[in-house]
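Structure assessment
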There are 2 protein chains.
Amino acid sequence: MASKPLQKLTESLLQGNRRALSRLLSYVENEREGVDDVLAALFPHTGKAWIIGITGAPGTGKSSLVNTLAKAYRAHGTTVGIIAVDPTSPFSGGAILGDRIRMRDLSGDAGVFIRSMATRGSLGGLARATRDAIRVLDAAGFDLVLVETVGAGQSEVDIVRTAHTTVLVEAPGLGDDVQAIKAGILEIADILVVNKADRPGVKKTVAALKAMLELGHPASLGQLVAHHGRLLPVEDKANGRNAETPMWIPPIVQTIALETTGIDDLMTVIEAHRNHLVDAKIFAQIERQQIEIELHDRLRETLMRRFLQDIDDAILADVIAQIQARRLAPQTAIEQLLRHM
Amino acid sequence: MASKPLQKLTESLLQGNRRALSRLLSYVENEREGVDDVLAALFPHTGKAWIIGITGAPGTGKSSLVNTLAKAYRAHGTTVGIIAVDPTSPFSGGAILGDRIRMRDLSGDAGVFIRSMATRGSLGGLARATRDAIRVLDAAGFDLVLVETVGAGQSEVDIVRTAHTTVLVEAPGLGDDVQAIKAGILEIADILVVNKADRPGVKKTVAALKAMLELGHPASLGQLVAHHGRLLPVEDKANGRNAETPMWIPPIVQTIALETTGIDDLMTVIEAHRNHLVDAKIFAQIERQQIEIELHDRLRETLMRRFLQDIDDAILADVIAQIQARRLAPQTAIEQLLRHM
């Protein structure tokens, strides 16, 4: 059970208190003791928000797009929670992105809430904290949660994977390569946005994305496999290839976020993707897979934590010294250590 | 114990047989049964090679640099093993990089060996396979092992972290951003190379890297902490900040790989870095930390594998269904599952 103050905070959050929301998110980020109990108490109130992951390389205008999109949703009466994931340099300790000006633009409206999350220690920890923060915003009653990440790496792919709809943002003139390809992010994108579409080179960028899509989404394979290829366990792939599963070919939307051009189109395709997942009954399947991945992550961490608590530090140090002296192989060491359990 | 055929293969490898080397590397890549026993048998023969990680974004000419460097080392009589880590698209199943022409350039020389490693399934698996492949080349007697990766993400940072000297390759004209910054790779670079130094914009790239270094390596902090900030556990940081620890400021080397310009300079600074680590007795400390990280990785995976073997699949499926129905929180589910153990 959560402590009394945490219980009160939980109740305040469920009643829509913004200060309680802000404090709980800090607790999540700092992994404060007892926060797991709060998250467990909030969990039955989750599952209502639609989670949109928005990712792209620096310079694509991703943050402006998120802001403009949030304002457009607000104009329709939809409430929006925003989580901006800031990869923090281990040098500075500060956020690289840290664009706080944007907050001003949206503040004073209780229907929108922005929160930056920074890396503390491990990127794996960031993925977990982001997942928990999404749950808090979901329980707090936001209709949409936008999760903004810099598209650069496996951990961010993990974060994006907690989303229902994933939007990949590109922009013309950022170099010859479509940067996201290498990071494996194009594969998990549901919607492709070419932002800054008034810039020279927009046709080239759109053409490059189209070529990648044609390469990556051959109609013969079935889109679900291609699209959620890494989410689906191997044994489930046969289902994904089922001819009856409707296809979703990621549409390409051109936007100029600063002029709100193309934002309506983007909202339309986001809605279409949501309907697609729900109508085709893919949504429940994806949710089940996301839960399975989460359980595995949590089990792995919990098992390891318990092991490290139980093992004598001196034994571990001795094993490391023996490995370093090449008297013991790491493979053999694991067997020895687990016999101590 | 390894099976008879695997034992023979191990002996052949230690005697310098190239075909045995090639086959063992395939076994490592495919996680063939019994390969852990082979790796354990080889382990006492490792620890002699110097491991150089070479990383950079696509378009930096990283592969050409690796080839030119390997040839230069060969001219000095140094034997070189090369592992080119190919991030494979889950779409195509084939290597994106797949530049096989390079092999021709170096083949016919028993003192050099090139091997490409591709992603199969998880990137975590690739990091493990790369670590094992390095060990095989080390045991096979190569003086140097060059590990080439595309600098794009956490998993590649993990791969680079198994190196003793890490070289980050940049090139002019690849866009405004120094791409590696976001991926956290600049922080772990020991040597910065600006390749294609005959291209316009080289001064700008060098200046950008210098600025990043000044930001990232303030003399007051002590270089070891900044440099191996993520490797050092928190409680060890005090040692790293010790005023007596000599500093290593990553030098910036300009090269034109295709014309072998700057390659001698690069070899000189690699040698200087190696001497620095050994003379300052930092090497043993780094090696100990690398072993600790490896042990933790292996423990985490082994504990998880054992758990999944022991647990009834029906119980796991039921827990997932309950979570999806929001009748059970993931945090509570973990406690319940671990009580089954």
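Please read all numbers here as calculations on a predicted model, not as lab measurements.

Along the backbone of chain A there are 14 helices and seven strands. Counting across all 341 residues of chain A, residues that qualify as buried make up 43%. Contacts spanning at least 24 positions in sequence make up 74% of the contacts within chain A whose residues lie at least 6 apart.

With that out of the way, let us pick up the pairing of strand β5 (residues 165-170) of chain B. Residue and element names in this part refer to chain B. By the criterion of burial, β5 is predominantly enclosed, with six of the six residues buried. Where burial is concerned, the two faces of β5 agree: the one with T165, V167 and V169 and the one with T166, L168 and E170 are both buried. When β5 meets strand β6 (residues 191-194), the two strands line up parallel, connected through four bridges. Looking across to β6, one finds that E170 is bridged to V194.

Residues and elements named next belong to chain B. Assignment of secondary structure puts V28 in helix α2 (residues 18-29). Overall, V28 belongs to the buried group, with 24 C-beta atoms counted inside 10 Å. Separated by 252 residues in the primary sequence, V28 and A280 place their C-alpha atoms 34 Å from one another. For V28, the residues in contact, after removing those within four places along its chain, are V35, A129, D132, A133 and V136.

Turning to the packing of helix α12 (residues 282-310) of chain A against helix α13 (residues 313-324) of chain B, a few remarks are in order. Where α12 of chain A meets α13 of chain B, the axes come as close as 10 Å, and the angle between the chain directions of the two elements is 115°. Considering how the two elements wind past one another, α12 of chain A and α13 of chain B form a crossing that is right-handed. Of the residues in α13 of chain B, those in contact with E287, R288, I291, E292 and L295 of chain A of α12 of chain A are I320, I323 and Q324 of chain B.

Another aspect to go through is the confidence of the model for chain A. Residue and element names in this part refer to chain A. Taken as a whole, chain A shows an average pLDDT of 80; of its residues, 75% reach a score of 70 or greater. Under a pLDDT of 50 for its full length, residues 88-100 has, in the predicted model, 22 contacts with residues more than four places off or in other chains. Across the predicted assembly, pTM comes out at 0.75 and ipTM at 0.83.

Here the focus is helix α11 (residues 263-279) of chain A. In an α-helix, one full turn covers 3.6 residues, which means residues spaced three or four apart are oriented alike. Residues and elements named next belong to chain A. Relative to the 24 Å expected for 17 residues at 1.5 Å per residue, α11 spans 24 Å between its end C-alpha atoms, a close match to the ideal helical length. The complete set of buried residues in α11 reads L266, V269, I270, H273 and L277. Across the axial projection of α11, the buried residues extend over an arc of 105°, all falling on one side. With respect to the buried face of α11, the exposed residues turned more than 90 degrees away are D264, T268, E271, N275 and D279. Along its buried surface, α11 packs onto β1 (50-56), α4 (62-75), β5 (165-170), β6 (191-194), β7 (252-254) and α12. One or two residues past the end of α11 sits K281, with phi positive at roughly 60°.

The subject of this paragraph is unusual backbone geometry. We note that R326 of chain A has phi near 60°; this positive angle belongs to a residue other than glycine. With respect to the element layout, R326 of chain A can be found in the loop between α13 (313-324) and α14 (330-339). Its identity as a non-glycine residue notwithstanding, T260 of chain B has a phi of 60°, on the positive side. Mapped onto the secondary structure, T260 of chain B falls in the loop between β7 (252-254) and α11 (263-279). Its 13 C-beta neighbours within 10 Å are what place T260 of chain B among the partly exposed residues.

This part takes up the environment of T130 of chain A. All names here are of chain A. By secondary structure assignment, the location of T130 is in helix α6 (residues 123-139). By the C-beta count within 10 Å, which is 24 here, T130 ends up buried. Expressed as a C-alpha distance, the spacing of T130 and A118, which sit 12 residues apart in the sequence, is 9.5 Å.

Rules used in this analysis
- Residues numbered from 1 in each chain as written.
- Chains lettered and ligands numbered in written order.
- Predicted model: local features only at pLDDT ≥ 70, side-chain atom pairs only at ≥ 80, totals over all residues.
- Helix = DSSP H or I, 4+ residues; strand = E, 2+ residues; numbered from the N terminus.
- Buried ≥ 20, exposed ≤ 12 C-beta atoms within 10 Å, placed from the backbone.
- Contact = placed C-beta atoms within 7 Å.
- Pairing = 2+ DSSP bridges.
- Axes fitted to C-alpha atoms, helices over the stretch in contact; angles between N-to-C directions.
- Left-handed = near helix turned anticlockwise from the far one by under 90°.
- pLDDT = per-residue confidence, 0-100.
- Expected span 1.5 Å × (residues − 1).
- Arc of directions from axis to C-beta.

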